[in-house]
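So you can see what is in the structure, the chains are spelled out below.
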Amino acid sequence: MKLYNFSLFTFHFSLVCCVLLISCGQPPPPKNPPIQVNLYSVKTEDVTYYDKYPGNTVALSQVDLRPEVQGYITTMDFTEGSHVKKGQKLYEIDQRLFQEAYDQAKANLDVAKGNQVQAQQDADRYEYLNKTDAIAKQTYDHAIITLENAKNSVKAAEEAMKIAATNLAYSVISAPFDGTIGISQVRLGNMVTVGSTVLNTVSTDDPMGVDILISEKQLQHFEELKNATQQIMDSLFTMILPNNSIYPYMGKISIIDRAVDAQTGTIRVRVAFPNPDFSLKPGLSCVLRVHNQDIAPQLVVPSKAVVELMGEYFVYVAKDTVARNPDDSTKTHPVLLAIQKKVQLGQTIPPDVIIKNGVKEGTRIVVDGVQSLHTGSEISVGQKPDATRGAQNKKDSSKNKGH
């Protein structure tokens, strides 16, 4: 019991000492020093940039060559992978049976024509005799019917000859248009069947198309580009090849698809590029660049000044304010605070980015030290705002234009 009283006395004594220390005016813990940062004054600048879309090259026209008659391949009159002209002979199927059928149809036509001549002569003769009642009426009627049958036989023979001539013509497969022919799927001596055998593929090669997908929000803009009578910029549509080189020719919109895909909200756009040296092949992966036509100055800031939080973008704006002196509450001193500001980003032009809205020209933003900040943090300027950045950005944007 005595031990308990002693412990209780010790506790009360410690508590009283703490109260006395606080009441004696022990100074509070030191305040965190301002975070040292660098600031940048937002300016409007003339910039050049491209909107980029992944795409694939496609032939504007492409057709699979299939036989219309059955037989064995006897001739291949082309070089695989080469450029062919419209009407150029490519394949020949064994023509002997088709030639014989044509010759037979021609002979049958000659016979039918001879029978028609004989029937015409008999009808003319019997018609004269019929007028003088020198021949039986039945004989005259039979002569007229025989003449009509002879005429119909000629028509049937002519149609049979057309079919034979068509089959004979189908035994030769020619190029349907100017283009590039691929690797043959059949060889000499192979049997080909109507409707199932693919001989080869021919596709147009000049111009060459590039297909891209755009969102439905961009459709109106591309309609305006298609219907424009005069392009503001010569390099409105350019292309980056798989080796990262720039294709030397400029393109123009050829087709905008008929409908938006309801599932993806995208629509296909085809841009045609000249291909005089046939260097572009269908199926090539590329990047289509659409030149920015907004020639008004843009607000450009360093990309490192932008912070992303849950899909939204922010910058820290430097705000001048005042605070009371801790030693004398009647006096104040200037303080610089970092305030978080939401912004909408535009095109990225490494190492910078365009700001669509959220800040104005002349606004000071933090470019270095943003990782240590939160809204309301006290900051101090380590260096003066970069006054030469505008000139540097113009230089960088001109380099970007070339690439």
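Bear in mind the structure is a predicted one, so any value in this text is a computation, not a measurement.

Caption draft 1: A look at the pattern of salt bridges. In total, this model carries 12 salt bridges according to the counting rule given. Lys304 is the salt-bridge partner of Asp368, the closest N and O atoms lying 3.1 Å from each other. Placement of Asp368 in strand β22 (residues 364–368) and of Lys304 in the loop between β17 (298–302) and β18 (307–309) is noted, with a sequence separation of 64 residues between them. On the accessibility criterion, Asp368 (26% relative accessible area) is partly exposed. A salt bridge links Glu312 to Lys342; its shortest N-O distance comes to 2.9 Å. Within this pair, whereas Glu312 is found in strand β19 (residues 312–324), its partner Lys342 is found in strand β20 (residues 332–349), the two being separated by 30 residues in sequence. Taking the relative accessible area as the measure of exposure, Lys342 reaches 48% and is therefore partly exposed.

Caption draft 2: Geometry of the packing of aromatic side chains. Taken as a whole and judged by the stated rule, the model has 4 aromatic pairs. With a centroid separation of 5.8 Å and 80 degrees between ring planes, the pair formed by Tyr53 and Phe222 is classed as edge-to-face. With Tyr53 in strand β3 (residues 50–59) and Phe222 in helix α4 (residues 219–227), this pair connects stretches of sequence that are 169 residues apart. Taking the centre distance of 5.1 Å and the plane angle of 65 degrees together, the rings of Phe78 and Tyr91 count as edge-to-face. Of this pair, Phe78 sits in the loop between β5 (71–76) and β6 (83–84) while Tyr91 sits in strand β7 (residues 89–93); the two residues are 13 residues apart in sequence, bridging distant segments of the chain. As far as the burial class goes, Phe78 and Tyr91 line up, both buried. An aromatic cluster of at least three residues, connected via ring pairs, comprises Tyr247, Tyr249 and Phe273. The ring of Tyr50 carries Arg289 above its face, with NZ or CZ at 3.8 Å from the centroid.

Caption draft 3: Local environment of the pairing of strand β12 (residues 208–215). Counting buried residues along β12, 6 of its 8 residues qualify, which places the element largely inside the surrounding structure. Alignment of β3 against β12, held across 5 bridges, turns out to be antiparallel. Following the sheet pairing, Gly55 is matched in β12 by Ile212. Two strands pair when backbone bridges link them, and β12 and strand β15 (residues 266–273) are joined in this way by 8 bridges, in the antiparallel orientation. Paired with Ser215 across the bridge in β15 is Thr266.

Caption draft 4: Spatial organisation of the sheet that holds strand β8 (residues 172–174). With respect to topology, 4 strands assemble into an open sheet ordered β8-β7-β5-β10, the strand pairing being antiparallel. Here the strands that pair on one side only, and so sit at the sheet edges, are β8 and β10 (191–192).

Caption draft 5: Spotlight on helix α2 (residues 96–131). For α2, which comprises 36 residues, the first-to-last C-alpha distance of 53 Å matches the rise-based estimate of 52 Å (1.5 Å per residue) to within 8%. For α2, the secondary structure elements touched by its buried residues are β7 and α3 (137–170). Phi turns positive, to about 55 degrees, at Asp133, one or two residues after α2.

Caption draft 6: Structural view of the sheet that holds strand β11 (residues 200–203). Pairing in this open sheet of 4 strands is antiparallel, and the strands run β4-β11-β9-β6 from one edge to the other. Whereas interior strands pair on both sides, the edge strands pair on one side only; in this sheet they are β4 (62–65) and β6. In this sheet, strand β9 (residues 179–181) lies alongside β6 in antiparallel orientation, the contact comprising 2 bridges. Bridged to His83 within β9 is Thr180.

Caption draft 7: Examining unusual backbone geometry more closely. Cis geometry is adopted by the peptide bond preceding Pro207, which originates at Asp206 and carries an omega value of 5 degrees. Along the polypeptide, Pro207 turns up in the loop between β11 and β12. Of the consecutive residues Pro350 and Pro351, the connecting peptide bond is found in the cis state with omega at 5 degrees. Along the chain, Pro351 falls in the loop between β20 and β21 (352–357). Positive phi, normally seen in glycine, also occurs at Asp133, with a value near 55 degrees. Relative to the elements of secondary structure, Asp133 occurs in the loop between α2 and α3. For Asp133, a relative accessible area of 67% translates into the label exposed.

Caption draft 8: Spotlight on the packing of α2 against α3. The interhelical angle for the contact between α2 and α3, taken along N-to-C directions, is 160 degrees, at an axis separation of 7 Å. By the criterion of interaxial angle, the relationship of α2 to α3 is roughly antiparallel. Regarding α2 and α3, the two cross each other, and that crossing is left-handed. For the contact of α2 with α3, the per-class residue count stands at 21 nonpolar, 10 polar and 7 charged.

How each quantity is defined
- Residues numbered from 1 in each chain as written.
- Predicted model: local features only at pLDDT ≥ 70, side-chain atom pairs only at ≥ 80, totals over all residues.
- Heavy atoms only, no water.
- Salt bridge = Lys/Arg side-chain N within 4 Å of Asp/Glu carboxyl O.
- Helix = DSSP H or I, 4+ residues; strand = E, 2+ residues; numbered from the N terminus.
- Buried < 20%, exposed > 50% of the residue type's maximum accessible area, 1.4 Å probe, protein only.
- Phe/Tyr/Trp six-rings, centres within 6.5 Å; stacked < 30°, edge-to-face > 60°.
- Lys NZ or Arg CZ within 6 Å of the ring centre and 35° of its normal.
- Pairing = 2+ DSSP bridges.
- Expected span 1.5 Å × (residues − 1).
- Contact = heavy atoms within 4.5 Å.
- Axes fitted to C-alpha atoms, helices over the stretch in contact; angles between N-to-C directions.
- Parallel < 35°, antiparallel > 145°, perpendicular 65-115°, else oblique.
- Left-handed = near helix turned anticlockwise from the far one by under 90°.
- Nonpolar A, V, L, I, M, F, W, Y, C, P; charged D, E, K, R; others polar.

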